[in-house]
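Examining the three-dimensional arrangement
Read off the chains here:
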Amino acid sequence: MTDFYFSIGAAFSGENAFLREWIEYHKLIGVEHFFLLNNDIDKTKSNNILAPYVEQGIVTNIQNTKETYSIFYAYNHLLNYTNGKTTWLALIDLDEFIQLLHSSSIIKFMKQYDNEEIGGLGCYWAVFGSSNLVEHQKLVTESYVHRASTLAKINAKTKMILKPERIVHTACHWAEYKEEYFGVNELFEKLPSGRRRLKFKKKNIRCPVVIKNIRINHYNVKSKIDFLKKSKRRKVGFDKIRSKAYWKRYWQHYNRNDKFDDSMKKYVPQLKKNLGLE
């Protein structure tokens, strides 16, 4: 018997401006616990933000002391740390929000995937752009309302919700399952184990993106000001600041504003109340 049914594991660095909203939002959909690998160089501010949640038993604030590490290390550290503590563990980043499209409870939604063989659920991205905003915005969920089209190639990556005891190891977008287990998408279609995944090798290949009931909203550029700040901080899992050329390509690739989508705004009134922004 685990301590929690559904938890989130994440590694973060320099994202204090978004930390409380990210936690409070996921609490609204029923996430019970957060296992956070704190990679801030100066952890004072993030520790202060997280302290009330730690006291309430909602957050485990894991102090990372390694100066350099890979994202592979971070995710597998969280996977091993949570084995026996949670039935399901969603491994996502602080710029990613789990959205249920036809349900209000992540626990009720995940119950359908409880069987003797499934070891993980792969959920596809919905990449959101800047909505042409320049200044920092108070709430991500309220401000960014433009995204890539659902079947766009940029969304063809999964983030994993896993049963830790059924996994050999994992990374950002895949998991290697123990022999008797496998991963599925939301329609119960089997996903490849390990690094193998569907790719767009030919123009006529069927898009692998399946988004009917759940998706991972990926707000990885946000406003122009936020993006500039992001480009100047150390990226989680890397010991060096990336080049200006890298970040220019990144902005061009991920700043997708093809489709208007304000479906997250229904959470905003309660979020503002919980965050003291009313």
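For the structure itself, consult the block above.
Rules used throughout
- Residues numbered from 1 in each chain as written.
- Predicted model: local features only at pLDDT ≥ 70, side-chain atom pairs only at ≥ 80, totals over all residues.
- Heavy atoms only, no water.
- Helix = DSSP H or I, 4+ residues; strand = E, 2+ residues; numbered from the N terminus.
- Rg over C-alpha atoms; globule rule 2.2 N^0.38 Å.
- Buried < 20%, exposed > 50% of the residue type's maximum accessible area, 1.4 Å probe, protein only.
- Contact = heavy atoms within 4.5 Å.
- Areas by Shrake-Rupley, 256 points an atom, 1.4 Å probe, with all protein chains shown as cover.
- Axes fitted to C-alpha atoms, helices over the stretch in contact; angles between N-to-C directions.
- Parallel < 35°, antiparallel > 145°, perpendicular 65-115°, else oblique.
- Left-handed = near helix turned anticlockwise from the far one by under 90°.
- Nonpolar A, V, L, I, M, F, W, Y, C, P; charged D, E, K, R; others polar.
- Pairing = 2+ DSSP bridges.
- Core = buried A, V, L, I, M, F, W, Y, C linked by side-chain atoms within 4.5 Å.
- Salt bridge = Lys/Arg side-chain N within 4 Å of Asp/Glu carboxyl O.
- Arc of directions from axis to C-beta.
- Polar contact = N/O pair within 3.5 Å; in protein donor to acceptor, adjacent residues only side chain to side chain.
- Phe/Tyr/Trp six-rings, centres within 6.5 Å; stacked < 30°, edge-to-face > 60°.
- Lys NZ or Arg CZ within 6 Å of the ring centre and 35° of its normal.

Bringing the overall build of the chain into the picture now. Helix and strand counts for the chain stand at eight helices and 14 strands. Its C-alpha atoms give the chain a radius of gyration of 18 Å, within 12% of the compact-globule value 19 Å for 278 residues. For the chain, with 278 residues in total, the buried portion stands at 55%. Sequence-distant contacts, at least 24 apart, represent 78% of the contacts inside the chain between residues at least 6 apart. When the accessible surface of the chain is totalled, it reaches about 13400 Å², and 50% of it is carbon and sulfur.

Interaxial distance between helix 1 (residues 16-28) and helix 2 (residues 44-55) falls to 9 Å at its minimum, and their mutual angle equals 20°. Taken together, the axes of helix 1 and helix 2 are roughly parallel relative to one another. Taken as a pair, helix 1 and helix 2 cross one another with a handedness that is right-handed. Contacts between helix 1 and helix 2 involve N16, L19, R20, I23, E24 and K27 from the former and K45, S46, I49, L50 and Y53 from the latter. Looking at the contact of helix 1 with helix 2 residue by residue, the classes come out as five nonpolar, two polar and four charged.

What follows covers the pairing of strand 9 (residues 167-170). Bridge analysis of strand 9 against strand 10 (residues 175-177) gives three bridges, and the strand direction is antiparallel. Among the inter-strand pairings, I167 is bridged to a residue of strand 10, identified as Y177. Hairpin connection, strand 9 to strand 10: the antiparallel pair is bridged by four residues.

Next up on the list: the environment of K266. By secondary structure assignment, the location of K266 is in the loop between strand 14 (259-260) and helix 8 (268-275). In this structure, the C-alpha to C-alpha distance between K266 and Q112, residues 154 residues apart in sequence, is 25 Å.

Another point: the nonpolar core. One finds F6, W22, L36, I98, I106 and M110 to be the most contacted residues of the largest nonpolar core, which totals 61 residues. Top contributing element to this core by residue count: strand 6 (residues 118-127), with six residues. Sequence-distant contacts of W22, defined by excluding residues within four places in its chain, comprise I8, A10, F34, L36, I92, D93, L94, E96 and F97. Core analysis: the next-biggest nonpolar cluster, separate from the first, contains 18 residues, L37, L91, I167 and Y177 among them.

Glancing now at the pattern of salt bridges. It is possible for side chains bearing opposite charge to pair when their charged atoms get close. Per the stated rule, a full pass over the model turns up ten salt bridges. Among the salt bridges present, the one from E142 reaches K272, with a minimum N-O distance of 3.1 Å. In this pair, E142 is assigned in helix 5 (residues 140-143) and K272 in helix 8, connecting sequence segments 130 residues apart. Residue E165 is joined to R166 by a salt bridge in which the shortest nitrogen-to-oxygen separation is 3.8 Å. Beyond isolated ion pairs, a larger network of salt bridges with shared partners links D93, E96 and K159.

A few words now on the environment of E15. Position of E15 among the secondary structure elements: in the loop between strand 1 (4-12) and helix 1. Between the C-alpha atoms of E15 and E176, which are 161 residues apart in sequence, the distance is 29 Å. Discounting residues that sit within four places of it in the chain, E15 has contacts with L94, D95 and R233.

Another point: helix 6 (residues 224-232). When helix 6 is considered as a whole, its buried residues turn out to be D226, F227, K230 and S231. One face of helix 6 carries all of its buried residues, which in axial projection span an arc of 135°. Exposed and facing more than 90 degrees away from the buried side of helix 6 are K229 and K232. If you follow the buried residues of helix 6, they end up packed against helix 1 and helix 7 (244-254).

Turning next to the side chain of T86. When you line up the elements, T86 lands in strand 4 (residues 86-91). Since its relative accessible area comes to 0%, T86 is described here as buried. Here the side chain of T86 touches S7 through a polar contact of 2.9 Å, side chain to side chain. A distance of 2.9 Å separates a polar side-chain atom of T86 from the backbone oxygen of W88. Those residues within four positions of T86 in sequence are excluded, and the remaining contacts are T2, F4, Y5, F6, S7 and P164.

According to the stated counting rule, one finds 17 aromatic pairs in the structure shown. Aromatic pair F4 and F35: ring centres 6.3 Å apart, planes at 75°, arrangement edge-to-face. Taken together, the residues F4 in strand 1 and F35 in strand 2 (residues 33-38) connect sequence positions 31 residues apart. Under the relative-accessibility criterion, F35 is labelled buried at 2%. Above the face of the F18 ring, K222 is positioned so that its terminal group lies 4.4 Å from the ring centre. If you follow K224 out to its NZ or CZ, it ends over the ring of W251, 4.3 Å from the centre.

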